[in-house]
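Below, each chain spelled out in residue letters.
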Amino acid sequence: MTTVKCSSQIIEESIAVLRKGMVRGEERVILWLGRDQPNVYRIAEIYEPEQVTDVDYFRIPPESMRALMSHLRRNRLKIIAQLHTHPGRAFHSLADDRWAIIRHVGALSLVLPYFAANTTPKNFLDEVMTYELSPVNEWLHVDNRGIEVC
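Residues numbered from 1 in each chain as written. Predicted model: local features only at pLDDT ≥ 70, side-chain atom pairs only at ≥ 80, totals over all residues. Heavy atoms only, no water.

Residues apart from glycine generally show negative phi values, whereas peptide bonds are mostly found in trans. Not every positive phi belongs to a glycine, and Ala116 is a case in point at roughly 65°. Among the structural elements, Ala116 can be located in the loop between β7 (108-112) and α4 (124-127). With phi around 65°, Asn137 is a residue other than glycine that occupies positive phi space. Summarising the element assignment, Asn137 is placed in the loop between β8 (129-133) and β9 (139-142). The class for Asn137 is exposed, based on a relative accessible area of 53%. (Helix = DSSP H or I, 4+ residues; strand = E, 2+ residues; numbered from the N terminus. Buried < 20%, exposed > 50% of the residue type's maximum accessible area, 1.4 Å probe, protein only.)

Summed over the entire model, instances satisfying the criterion amount to one aromatic pair. Ring centres 5.9 Å apart and planes at 35° place the aromatic pair Trp32 and Phe124 in the tilted group. Here Trp32 is found in strand β2 (residues 29-37), whereas its partner Phe124 is found in helix α4, with 92 residues between them in sequence. Across this residue pair, the class does not change: Trp32 and Phe124 are buried. Taking NZ or CZ as reference, Arg89 lies 4.4 Å from the ring centre of Phe91, over its face. (Phe/Tyr/Trp six-rings, centres within 6.5 Å; stacked < 30°, edge-to-face > 60°. Lys NZ or Arg CZ within 6 Å of the ring centre and 35° of its normal.)

Counted at 1.5 Å a residue, the expected span for helix α2 (residues 62-75) with its 14 residues is 20 Å, and the 20 Å between its end C-alpha atoms agrees. The inward-facing, buried residues of α2 abut β2, β3 (40-47) and β6 (78-85). Arg76 sits one or two positions beyond α2 and adopts a positive phi of about 55°. (Expected span 1.5 Å × (residues − 1). Contact = heavy atoms within 4.5 Å.)

Below, the discussion takes up the pairing of β2. Across six bridges, the pairing between β2 and β6 is antiparallel. Its bridge partner lying in β6, Val29 is registered against His84. Two strands pair when backbone bridges link them, and β2 and β3 are joined in this way by seven bridges, in the antiparallel orientation. Considered in β3, the bridge of Trp32 is made with Ile46. Linking two consecutive strands that pair antiparallel, namely β2 and β3, is a turn of two residues; a positive phi of about 60° is found at Asn39 within it. (Pairing = 2+ DSSP bridges.)

Structure, rendered in C-alpha cells:
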C-alpha cells in the first residue's frame, strides 16, 4: 500500500463534516484529494460531494459526480480515498461495495463507526477501518500502517 499522509487539521475537518450526518442519523461520505508523488499521497483537501444519504447508505448522484470530475480536472487533483461513517461498527457493507465512488485496484475506502461521534485526530487510526479494492473487485480489510497522521 502506498503511504497516505494526512494532517491533523484535515482529519479534524473530515470528522466535523462527517458528523453532519450524525445529527440527521445518516451516513455521510467525503473524499480525500491530493496529487501524485512517488510512493506517497499527501492529502491536500477534503471534498464533500452532494449526496443522497440514509441511516445505512450513501449514494452520489450523476450530477454530483460530474461536479467532482470537473473539480478534479480544474485543480489537477485525484481521489486518494473515500471516507464515510456507519451508524454502528465500522465495516465495508454491501451498500458500500455497490455505491463506492472509487473503483480502481488499490483504491482506499475508510469507514468510521458510530457516525464518528467518538473520533478525534488522536484516536483516528484506532477508530477507522481501512479497505482496499483488490484485483478481483473485492474490498479487503487492510491494516492502517500506510496511513500517517502528521
